[in-house]
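Structural overview
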Amino acid sequence: MDLERLLVVHRSSAWARPEGGLPVFRLSTCQREIEIYFPAPAGFVGDSSLELHRGVEGYRLLLEIATGLRSTIAGETNVFGQLRAAWREYQQQAPEAAQGAFSELMEAVFADTRFIRTHFLQDIGGNSYGTLTRKLLRMAAGERVLIVGNGELARSVAPVLAGFELAIINRTRPRNLPVGTRRVFDATEDAAAAAWADHVVLCVPRHPELDARWLALLTARPTLQVIHLGCRRADAGRWAEFRGLVTLDDVFDLRIAQRDRRSRQLELARAACRTRGLLRAAQSHTALQLPRGIA
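To start, this report covers the structure provided alongside it. Remember, it's a predicted structure, so these values are computed and weren't measured experimentally.

1. Digging into the sheet that holds strand 1 (residues 7-11)
On the basis of which strands lie adjacent, the open sheet formed by 4 strands has the order 2-3-1-4 and antiparallel pairing. Here the strands that pair on one side only, and so sit at the sheet edges, are strand 2 (24-28) and strand 4 (50-54). Averaged over all pairs of adjacent strands, the angle between their axes in this sheet comes to 20°, without regard to strand direction. Set on the sheet, helix 1 (residues 55-66) makes contact with strand 1, strand 2, strand 3 (33-37) and strand 4; between it and strand 4 the angle comes to about 110°.

Here it is in C-alpha cells:
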C-alpha cells in the first residue's frame, strides 16, 4: 500500500470532479463529505472550496474522521459505523477492479481506527449530571437507587440509572415518571423508602424541614451512599455532619477531572493518527525496497 498515491478531498460544497473514470470512494455525513482517490488524479489541484490531503496527511485525516476526532462530539463512534456502511455499499456496487485499489487501504484504516479507539478513546465519558452521578455512586448490579424529587434535575439523572433498581419519592405523586423508574413511594413513605435504598440521590433544594427529616432517616443507615445535588459544600448546614456525603461540588470536581482527562486522551489519539500513518508509509516503503517475493 503506497500512501504517496493517496488523495483525500474534503469538501463543503459541490465541485467539478476530475475526469478520467478514476476509482473514487465517497463518504457523506451530516458534517462533511470526503472523496478518496487511490491512486490520486495526476496534476489535480482543486479550488478554494476544497481541502486536499495527500499521503500520510490524507491517511491521518481518514483516521481522525473514523475515530470521531473530527466530529462535533469528539470521540463519538457513529461516524465509524457510517464509514463501514459506506464501504460495504461501495463493495456491492463498484467493479472488482476498482475495489482492489481501496481494499488494502480501508482494511488498514479500520484496523488502525480500532487500535486508536481501544488504546486512547475508551471510556472518555460524558459530562451530564446523570453520567457524573453514576460514576460517583459506584453502584453494583442489582443495587437499589432512590431519587428524591421529580423536577428537571431528577429527570436528567434517572435515565442514566435505569439499569439499576430505580425508585422515586416526591412530595406529590408524579404523573409522568422519569425514564427507567420501577417503583414510586408516596411522600408519607419516606421511612420505607430510606430503608429500601442502597443509594440515595437528592434532587431537591435544601429546606430546613426537608433536611431535618431526611437527615434523621439517612443517618440511621450509615452504610448508605448519599448524593445531594441541591447542596454545596460551603452551604451544607447540618448536611456537613453526614459522613461520606457527596455534594454538587463533588460532581463539579469530577466534571473538571473528566474534562482534563478527556483532553489528554483526545490529544494522544490525534497524535496516534499521525503516528499510524507514518508507520503505514514506512511499511509500504520497506515493502517496495525488498526484492520480489520477500515483501
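2. Description of the packing of helix 1 against helix 3 (residues 96-120)
Viewed as axis vectors pointing N to C, helix 1 and helix 3 meet at an angle of 55°, and their least axial separation amounts to 9 Å. Viewed along their axes, helix 1 and helix 3 adopt a mutual orientation that is oblique. Crossing handedness for the pair helix 1 and helix 3: right-handed. Note on element contacts: helix 3 touches helix 1 through L105, A108, V109, D112, T113 and I116, opposite Y59, L62, L63 and A66. Classifying every residue of the contact of helix 1 with helix 3 gives 8 nonpolar, 1 polar and 1 charged.

3. Quick word on the packing of aromatic side chains
On inspection of all chains with the given rule, the structure shows 9 aromatic pairs. The interplanar angle of 80° and the centroid separation of 5.5 Å between the aromatic rings of F25 and W87 together place this pair among those described as edge-to-face. Here F25 is found in strand 2, whereas its partner W87 is found in helix 2 (residues 78-93), with 62 residues between them in sequence. No difference in accessibility class separates F25 from W87, as the two residues are buried. By way of ring pairs, the aromatic residues F25, W87, Y90 and F102 are connected into one cluster. If you follow R84 out to its NZ or CZ, it ends over the ring of F80, 4.4 Å from the centre. A cation over a ring is seen here: R276 above F115, with NZ or CZ 4.2 Å from the ring centre.

What counts and how
- Residues numbered from 1 in each chain as written.
- Predicted model: local features only at pLDDT ≥ 70, side-chain atom pairs only at ≥ 80, totals over all residues.
- Heavy atoms only, no water.
- Pairing = 2+ DSSP bridges.
- Helix = DSSP H or I, 4+ residues; strand = E, 2+ residues; numbered from the N terminus.
- Axes fitted to C-alpha atoms, helices over the stretch in contact; angles between N-to-C directions.
- Contact = heavy atoms within 4.5 Å.
- Parallel < 35°, antiparallel > 145°, perpendicular 65-115°, else oblique.
- Left-handed = near helix turned anticlockwise from the far one by under 90°.
- Nonpolar A, V, L, I, M, F, W, Y, C, P; charged D, E, K, R; others polar.
- Phe/Tyr/Trp six-rings, centres within 6.5 Å; stacked < 30°, edge-to-face > 60°.
- Buried < 20%, exposed > 50% of the residue type's maximum accessible area, 1.4 Å probe, protein only.
- Lys NZ or Arg CZ within 6 Å of the ring centre and 35° of its normal.

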